Amino acid sequence: MLLHPEVQKKAQEEIDRVIRRDRLPELSDHGSLTYLQCVMDETMRWQPVLPIGIPHQTTADDTYRGMHIPKGAIIVANSRGLTWDETKFHDPRSFKPERFLPKPDGAGEVPSPNTVYGWGRRICAGRFLADNSVWIAMARILAVFSITPLKDAEGHLMKPDVKFTTEMTRHVKPFKCDILPRDEKARLLIINASLD
Ligand code: HEM
């Protein structure tokens, strides 16, 4: 949101139009917030949480494109290689939620959940919980908060220095920003939600 304020604005416009600002988004709104879904899919594609998945082991000899893979071999799937595949995603290293909007509004590209959650029998057992948790967090945060860069002494917005961890699970290193209620209406929604 800090790097792409226009995405934050567009997602908030959609939430305001669909939810109408008199309540917080619910999971039942999931199907109605198309652009927000694109933002989530693009976040997962752009920086997958597990860029090389979790290693698997073959249970039998196999052949792939003429290459012999012996039983017991460790297979590492290059998930981020797949989410950055330029034959499937134009300009793959750029964060562009619109790529997933249908044409003509977007590029009509198709998210591939498997590259994020794994494959076969060992596919992520928590993927539905994960999807719903991330989605509701994004929807509610954007409904009521504005996420903006900090200002320097002269009042100029400072671009955040975004760095990622390099462990097996990848996430953004801590960074500073302002997260403030969007306005008085949002402040009241936050207070009411905290009293529920
Ligand atoms: C955005 C969040 C998450 C992502 C991106 C993610 C991704 C993954 C991936 C890539 C794997 C490896 C799949 C494979 O071996 O091919 C995995 C495995 C697994 N995940 Fe997740 N996961 C997430 C959240 C969760 C949550 C919330 C839970 C539980 C509540 C969970 C439970 C598991 C379990 C139990 C496995 C091991 C499955 C097995 O080996 O049989 N995950 N996850």
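Refer to the structure above for everything that follows.
Criteria and cut-off values
Residues numbered from 1 in each chain as written. Predicted model: local features only at pLDDT ≥ 70, side-chain atom pairs only at ≥ 80, totals over all residues. Heavy atoms only, no water. Helix = DSSP H or I, 4+ residues; strand = E, 2+ residues; numbered from the N terminus. Buried < 20%, exposed > 50% of the residue type's maximum accessible area, 1.4 Å probe, protein only. Lys, Arg positive; Asp, Glu negative; His and termini not counted. Salt bridge = Lys/Arg side-chain N within 4 Å of Asp/Glu carboxyl O. Polar contact = N/O pair within 3.5 Å; in protein donor to acceptor, adjacent residues only side chain to side chain. Contact = heavy atoms within 4.5 Å. Expected span 1.5 Å × (residues − 1). Core = buried A, V, L, I, M, F, W, Y, C linked by side-chain atoms within 4.5 Å. Phe/Tyr/Trp six-rings, centres within 6.5 Å; stacked < 30°, edge-to-face > 60°. Donors = N, O, S within 2.8 Å, 3.2 Å for Na, K, Ca; no water. Patch = residues over 30% accessible without salt bridge, like charges linked within 9 Å, V, L, I, M, F, W, Y side chains within 5 Å. Areas by Shrake-Rupley, 256 points an atom, 1.4 Å probe, with all protein chains shown as cover. Near = heavy atom within 4 Å. Nonpolar A, V, L, I, M, F, W, Y, C, P; charged D, E, K, R; others polar.

*Asks:* So what's going on with the side chain of Glu-14? Residues and values would help.
*Replies:* By the element assignment, Glu-14 lies in helix 1 (residues 5-19). One buried charge, Glu-14, has no salt-bridge partner; the nearest side chain with opposite charge is Arg-17, at 4.8 Å. Looking at Glu-14, its side chain comes within polar contact range of the main-chain nitrogen of Thr-34, at 3.0 Å. At 3.0 Å, the side chain of Glu-14 forms a polar contact with the backbone nitrogen of Leu-36. If near-sequence neighbours (up to four positions away) are discounted, Glu-14 is found in contact with Ser-32, Leu-33, Thr-34, Tyr-35 and Leu-36.

*Asks:* Describe helix 5 (residues 127-144), with residues and values.
*Replies:* For helix 5, spanning 18 residues, the distance from its first C-alpha to its last is 26 Å, which sits close to the expected 26 Å at 1.5 Å a residue. Regarding helix 5, the residues found buried are Trp-135, Ile-136, Met-138, Ala-139, Leu-142, Ala-143 and Val-144. Buried residues belonging to helix 5 abut helix 1, helix 2 (34-46), strand 5 (145-148), strand 6 (178-181) and helix 6 (184-195).

*Asks:* So what's going on with the nonpolar core? Residues and values would help.
*Replies:* If you look at the biggest cluster of nonpolar residues, it comprises 29 residues, and the most contacted ones within it are Ile-15, Leu-33, Tyr-35, Leu-36, Val-39, Trp-135 and Val-144. Among the secondary structure elements, those contributing two or more residues to this core are helix 1, helix 2, helix 4 (113-117), helix 5 and helix 6. Every residue in contact with Val-144, bar those within four places of it in the chain, is listed here: Leu-24, Leu-180, Pro-181, Arg-182, Ala-186, Leu-189 and Ile-190.

*Asks:* Pulling in residues and values, what's your account of the packing of aromatic side chains?
*Replies:* Inspection of the entire model under this criterion finds three aromatic pairs. Here Trp-46 and Phe-164 contribute two aromatic rings whose centre-to-centre distance is 6.1 Å and whose plane-to-plane angle is 80 degrees, an arrangement assigned as edge-to-face. With a gap of 118 residues between them, Trp-46 in helix 2 and Phe-164 in the loop between strand 5 and strand 6 connect regions that are remote in the sequence. Exposure class is identical for Trp-46 and Phe-164. Each is buried. Where Phe-89 meets Phe-100, the ring centres are 6.2 Å apart and the plane angle is 85 degrees; that geometry is what we call edge-to-face.

*Asks:* I'd like a rundown of the coordination of the iron atom of the ligand, residues and numbers included.
*Replies:* Among protein residues, the single donor to the iron atom of the ligand is Cys-124 (SG), with a metal-donor distance of 2.3 Å. If you trace the backbone, Cys-124 turns up in the loop between helix 4 and helix 5.

*Asks:* Could you give me a rundown of a nonpolar patch on the surface, with the residues and numbers involved?
*Replies:* Taken together, the side chains of Ile-52, Ile-54, Ile-74, Val-76 and Met-168 define a hydrophobic patch exposed on the protein surface, amounting to about 460 Å² of accessible area. Tracing the chain through its elements places Val-76 in the loop between strand 4 (74-75) and helix 3 (79-83). Under the relative-accessibility criterion, Val-76 is labelled partly exposed at 45%.

*Asks:* Hey, could you go over the site of the ligand for me, with residue numbers and the actual values?
*Replies:* Around the ligand, the structure places 16 residues, and the nearest of them are His-56, Val-116, Trp-119, Arg-122 and Cys-124. Within the backbone of Trp-119, a nitrogen or oxygen atom sits 3.2 Å from an oxygen atom of the ligand. Within the side chain of Arg-122, a nitrogen or oxygen atom sits 2.7 Å from an oxygen atom of the ligand. Where the shell around the ligand is concerned, the elements lending two or more residues are helix 4 and helix 5. Here the residues of the shell around the ligand are counted per class, giving 12 nonpolar, three polar and one charged.

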